[in-house]
Amino acid sequence: MTKQLSPEQAVALIPDAAVVAVNSSSGLCCPDAVLAALGARFEATGDMFGTKGVDHIAKPGLLSKVIGGSYPSGPSSAEPPLIWQMITANQVKAYNVPSGIVFDMLREAAGQRPGVLTKVGMQTFVDPDQEGCAMNESAQSEPIVKRVSFEGEDWLYFQAIRPDVAIIRGSVGDERGNISFENEGAYLGAMEMALAARNCGGLVIAQVRNVVQAGTIKAHDVRVPGNLVDCVVEAPDQLQTTATPFDPAISGAVIRPLSSFSRPAFDVAKVIARRVAQELKNGQAVNIGFGISANVPRILLEEGLHGQVTWVIEQGAVGGVPLLEFKFGCSANAEAYVASPHQFAYFQAAGFDASLLSFLQIDKQGSVNVSKLAAIPHRTAGAGGFVDITARARRIYFSGYFNAGAKYAIEDGLLKIIKEGKIAKIVDRVDQVSFSGERALAQGQQASYITERCVIELRPQGLTVTEIAPGIDLQSQVLDMAATPLQVADNLKTMDARLFQPDPMGLVLEPKA
């Protein structure tokens, strides 16, 4: 018997007041057609850049609470996404929970366990001693995390999420509800969401590009079996990821030539990415985040070093070349695809060697904010997997511009500041603690902050400048431009001159110890 329904028929099965879990990371695996039908059902009865996602259902009265790792973001000058308009107006209780913990909450529900005990997020905005994940006043009135004592230690406790409905997306579904993912760039947590909804007595809706005859999907290709799926919705126009109809290299159907990948133009951002690349070792497994650090794989390509580092990203791709802009979260030529909950277990316990991440602000304790700009909330997407990744990571390299708004030139191997920035990014206190420098020191984590004009290390005595760019004056262009005091290493070095030349550096990665 076929389980195929139209989007309208599928969403008609969702009961009022239901807890709905949606498997999506930006446009990746987003069941957009089902979400659109759900929003239209609400309008009839009572995202961004080609994929609206949660904005389909960001309607006052339709949503009462939303828990997410990331939220739609946009330029400062643009109208805030609809979900942000609801959040800032306190029309919905909104929580920014680390992505890995969200998956943990679902897995606990699937196993009929009470919730998650974790140290991920302690001493950050996740901690109830700070914000407890609440994004607005409405959410503060209903806390979702608390500190508890267990076996003589303090832990954060999140109650399991018990979904009444799970909406997932794959590539192909058969008449019996078996779902494959051969055209996707990730699995995310589709299986975990389906299990949680099924084991909580709920409904599972799967959106796919094509519905085929029962028995035509090979058993080993089925990622979510039909016994967990109630209905299948065919959406032949679904995008592979944000603004991408289909790229076979994202799903592993083809292997792109390395020559087809762009190399970064020679500019200040490339200088920073090069300096980060100098920290890597041959044989490492390295996590990579959005921002300047996303260009580090392109530096290795340019230097003929592709393959010496295995890139691991939170959406689940292992190896290959992580992609940029709206395709971020996908890799071309990946060696493997891991379900996101498994990838986060790897990250949360620091199984990898290093992480390359960005920063919006750094404070005097070395804490980093990537998740909130108080003046423009919709400018950032939230923390995503950042807190999971940094909770125990042994080595972290944060990269970004020293301040905001500066204009630069690189002349004769020297960095020149044409116009100084007016907004400090090294501040006395960050708007929100996404990474705790204090906790990092206590745990023996190593953290560096790499900018165009200097390199800074987190040391017990404070933030310490260890390298300075050629052409930069230490006092007037570094120490005086930070809004909090910086220490200076006794053996202050000049950054490698090759960073500031347009030709390839001749970079060599030492073997991993």
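Provided above is the structure to which this section pertains.
Quantities reported herein were computed from a predicted structural model and do not represent experimental measurements.

Participant: What's the story with the packing of aromatic side chains in this structure? I'm lost.
Facilitator: To describe a pair of aromatic rings, one takes the distance between the centres and the angle between the planes. One pass over the full model with this rule turns up 13 aromatic pairs. Their ring planes at 55° and their centres at 6.1 Å tell us that Tyr346 and Phe352 sit as a pair that is tilted. Take Tyr346: its relative accessible area is 28%, and that puts it in the partly exposed class. Ring plane angle 20° and centroid distance 6.5 Å describe the contact between Tyr401 and Tyr408, whose orientation is recorded as stacked. Taking relative accessible area as the criterion, Tyr408 reaches 18% and is therefore assigned buried. Chaining the aromatic ring pairs together yields one cluster made of Phe103, Phe344, Tyr346, Phe347 and Phe352. The side chain of Lys119 reaches across the aromatic face of Trp155, ending 4.4 Å from its centre. Here the basic side chain of Arg256 rests over the ring of Phe261, its NZ or CZ set 3.8 Å away from the ring centre.

Participant: Hey, could you run me through the side chain of Thr484 in this one?
Facilitator: Tracing the backbone shows Thr484 in the loop between helix H13 (474–479) and strand E33 (487–494). Thr484 has contacts with Lys364, Ile426, Val427 and Asp428, leaving out every residue within four places of it along the chain.

Participant: For this particular structure, what's the right way to read the nonpolar core?
Facilitator: Soluble, globular proteins show a tendency: their nonpolar side chains are buried together. Grouped together as the largest cluster of nonpolar side chains are 126 residues, with contacts concentrated most on Phe158, Phe398, Tyr449 and Leu486. Of all hydrophobic cores here, the second largest spans 25 residues; its members include Leu63, Tyr71, Trp84 and Val92.

Participant: Please clarify how the side chain of Asp127 should be interpreted in this entry.
Facilitator: For Asp127, the position within the fold is in the loop between strand E5 (115–118) and helix H5 (137–140). What makes Asp127 buried here is its relative accessible area of 1%. In this structure, Asp127 is in contact with Gly121, Met122, Gly132, Arg147 and Leu156, ignoring residues within four places of it in sequence.

Participant: I would appreciate a short explanation of the pattern of salt bridges in the present structure.
Facilitator: Going through the model one piece at a time under the given rule, you end up with 25 salt bridges. The partner of Glu153 in a salt bridge is Lys119, with the nearest N and O atoms 3.1 Å apart. Of this pair, Glu153 sits in strand E7 (residues 153–159) while Lys119 sits in the loop between E5 and H5, and the two are 34 residues apart along the sequence. The class for Glu153 is partly exposed, based on a relative accessible area of 39%. Of the charged contacts in the structure, one is a salt bridge between Asp129 and Arg147, with a shortest N-O distance of 3.2 Å. In this pair, Asp129 sits in the loop between E5 and H5 while Arg147 sits in strand E6 (residues 145–150), placing the two residues 18 residues apart along the sequence.

Participant: What's the story with the sheet that holds strand E2 (residues 20–22) in this structure? I'm lost.
Facilitator: On the basis of which strands lie adjacent, the open sheet formed by 5 strands has the order E1-E14-E11-E8-E2 and parallel pairing. Across the chains shown, the open sheet's two edge strands, defined by having one partner strand only, are strand E1 (4–5) and E2. When strand E8 (residues 165–169) meets strand E11 (residues 203–208), the two strands line up parallel, connected through 5 bridges. The partner of Arg169 across the bridge, within E11, is Gln207. Strands in contact with helix H2 (residues 32–45) are E2, E8, E11 and strand E14 (231–234); relative to E11, the strand with the most contacts, it is inclined by about 120°.

Participant: It is not clear to me how the environment of Glu184 should be interpreted in this structure. Could you clarify?
Facilitator: Positionally, Glu184 belongs in the loop between strand E10 (179–180) and helix H6 (190–199). Take Glu184: its relative accessible area is 5%, and that puts it in the buried class. Spatially, the C-alpha atom of Glu184 lies 23 Å from that of Ile101, the residues being 83 residues apart in sequence. Not counting residues up to four positions away in its chain, the partners in contact with Glu184 are Cys29, Arg169, Gly170, Ser171, Gln238, Gln240, Ile250 and Ser251. Polar side-chain contacts of Glu184 include one of 2.7 Å to the side chain of Ser171.

Participant: What is the right way to read the pairing of E11 from this model?
Facilitator: Every other side chain in a regular strand lies on the same face of the sheet, so the side chains alternate between the two faces. Within E11, 6 of the 6 residues are buried, which leaves the element mostly enclosed by the surrounding structure. Judged by which residues are buried, E11 turns out to be covered on both faces: Leu203, Ile205 and Gln207 on one side and Val204, Ala206 and Val208 on the other are all buried. As paired elements, E11 and E14 share 4 bridges and run parallel to each other. Counterpart to Ala206 in the pairing with E14 is Val232.

Basis of the calculations
- As a convention, each chain's residues are numbered from 1 in the sequence order in which they are written.
- Given that this is a predicted model, residues contribute local features only at a pLDDT of at least 70 and side-chain atom pairs are listed and counted only at 80 or more, while totals for whole chains, interfaces and linings are drawn from all residues.
- Each side-chain value is worked out from all heavy atoms of the structure, with water and hydrogens disregarded.
- In summary, the pairing rule links any two rings of Phe, Tyr or Trp, Trp by its six-membered ring, whose centres are within 6.5 Å, and it sorts them by plane angle into stacked for under 30 degrees, edge-to-face for over 60 and tilted for everything else.
- Here's how the labels work: a residue is buried when its accessible area is under 20% of the maximum for its type, exposed when over 50%, partly exposed in between, all with a 1.4 Å probe on protein chains only.
- Note on criteria: charge over ring means Lys NZ or Arg CZ within 6 Å of the ring centre, with the direction from the centre no more than 35 degrees off the ring normal.
- Secondary structure follows DSSP: runs of H or I at least 4 residues long count as helices, runs of E at least 2 residues long count as strands, and numbering of each begins at the N terminus.
- In what follows, residue pairs with any heavy atoms lying within 4.5 Å of each other are defined as contacts.
- In this text, buried Ala, Val, Leu, Ile, Met, Phe, Trp, Tyr and Cys residues form a nonpolar core when linked through side-chain atoms within 4.5 Å.
- Just to be clear on terms, a salt bridge is a Lys or Arg side-chain nitrogen sitting within 4 Å of an Asp or Glu carboxyl oxygen.
- Between any two strands, pairing holds if DSSP finds at least two bridges.
- Every axis corresponds to a line fitted to the C-alpha atoms, with the helix fit spanning only the stretch in contact, and the corresponding angles, defined between N-to-C directions, vary from 0 to 180 degrees.
- A 3.5 Å cut-off defines polar contacts: any pair of N or O atoms within that distance qualifies, except that in protein one atom must be a possible hydrogen donor and the other a possible acceptor, and neighbouring residues in sequence count only when both atoms are side-chain atoms.

This is a description of form; function is not addressed.
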